[in-house]
Amino acid sequence: MCCTYIACSSASSLCTACFGSTAPGTTGRKRSALLLLMTIFIALVFQYYVAPQIVSPTGYVKAFQHMPGIGRQVFKAWGSGCDQYDGHKDLVQDCVGNNGVYRPTFAATIFFLFAALSTKCNPALNREAWPAKYAIYILTVFAFIFIPNHPFFNGIYLWISRFGAMIFVIIEQIILIDVAYNWNE
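Residues numbered from 1 in each chain as written. Predicted model: local features only at pLDDT ≥ 70, side-chain atom pairs only at ≥ 80, totals over all residues. Heavy atoms only, no water.

Caption draft 1: The arrangement of the overall build of the protein chain in detail. The secondary structure content of the protein chain amounts to 7 helices and 0 strands. Going residue by residue from the N terminus, the α and β elements of the protein chain occur as α-α-α-α-α-α-α. Taken across its 185 residues, the protein chain has 29% of its residues classed as buried. Across the protein chain, every contact between residues at least 6 apart in sequence was considered, and the portion connecting residues at least 24 apart equals 70%. Total accessible area on the protein chain is roughly 11,900 Å²; 71% of this is exposed by carbon and sulfur atoms. (Helix = DSSP H or I, 4+ residues; strand = E, 2+ residues; numbered from the N terminus. Buried < 20%, exposed > 50% of the residue type's maximum accessible area, 1.4 Å probe, protein only. Contact = heavy atoms within 4.5 Å. Areas by Shrake-Rupley, 256 points an atom, 1.4 Å probe, with all protein chains shown as cover.)

Caption draft 2: Region of interest: the packing of aromatic side chains. Applying the stated criterion across every chain yields a total of 9 aromatic pairs. For the ring pair F111 and Y137, a centre distance of 6.3 Å and an interplane angle of 75 degrees mean the geometry is edge-to-face. Taken together, the residues span a long stretch of sequence, with F111 in helix α5 (residues 89-121) and Y137 in helix α6 (residues 130-144) at a distance of 26 residues. Each of the two residues, F111 as well as Y137, counts as buried. Chaining the aromatic ring pairs together yields one cluster made of F111, F112, W130, Y134 and Y137. One cation-aromatic arrangement involves K133 over W130; the distance from NZ or CZ to the ring centre is 4.4 Å. Positioned above the aromatic ring of W159, the side-chain terminus of R162 is 4.7 Å from the ring centre. (Phe/Tyr/Trp six-rings, centres within 6.5 Å; stacked < 30°, edge-to-face > 60°. Lys NZ or Arg CZ within 6 Å of the ring centre and 35° of its normal.)

Caption draft 3: Local environment of the nonpolar core. In this structure, F46, W78, V96, Y137, V141 and F153 are the most contacted members of the largest nonpolar core, which totals 28 residues. Only α2 (29-55), α4 (70-79), α5, α6 and α7 (149-184) provide two or more residues apiece to this core. A per-element tally of this core places α5 first, with 8 residues. (Core = buried A, V, L, I, M, F, W, Y, C linked by side-chain atoms within 4.5 Å.)

And the structure:
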């Protein structure tokens, strides 16, 4: 925990140097964008590096698979909901990879919902305490590694994400049409 805080504090100092200060009148938009980029990076690592290791473990991952407790729980959690694809290694790998993407994206969803609620109560929280926010996000992603996919990720979150994406695409199309009309005038 201490090492995580030190790493996040160092990252925050670097971000402050790159993205500006936390003085009044500034916002946390750049730091939020950095957290989204971190989410994308973690999701890609989970999908294209961790998922193939879970489907066909080699080396130290194979030893981790047989470790009682945590090792078995991670393999069981990531593979749940992919039982219908038994015998098709590529489909199982795609399923486990998709399940790996759900974890950091759900952590980001929860993080930004709580950030929005806390900012509604105290607007200064949007620009303050970013090392702690990064640490909370990383710990949340780590905790979600152990949660089984079914029914939560494959059922509830998947449909909420699809509905949110549909609303986003519709709003984006309306904005693009509006820009086209304004540009044409």
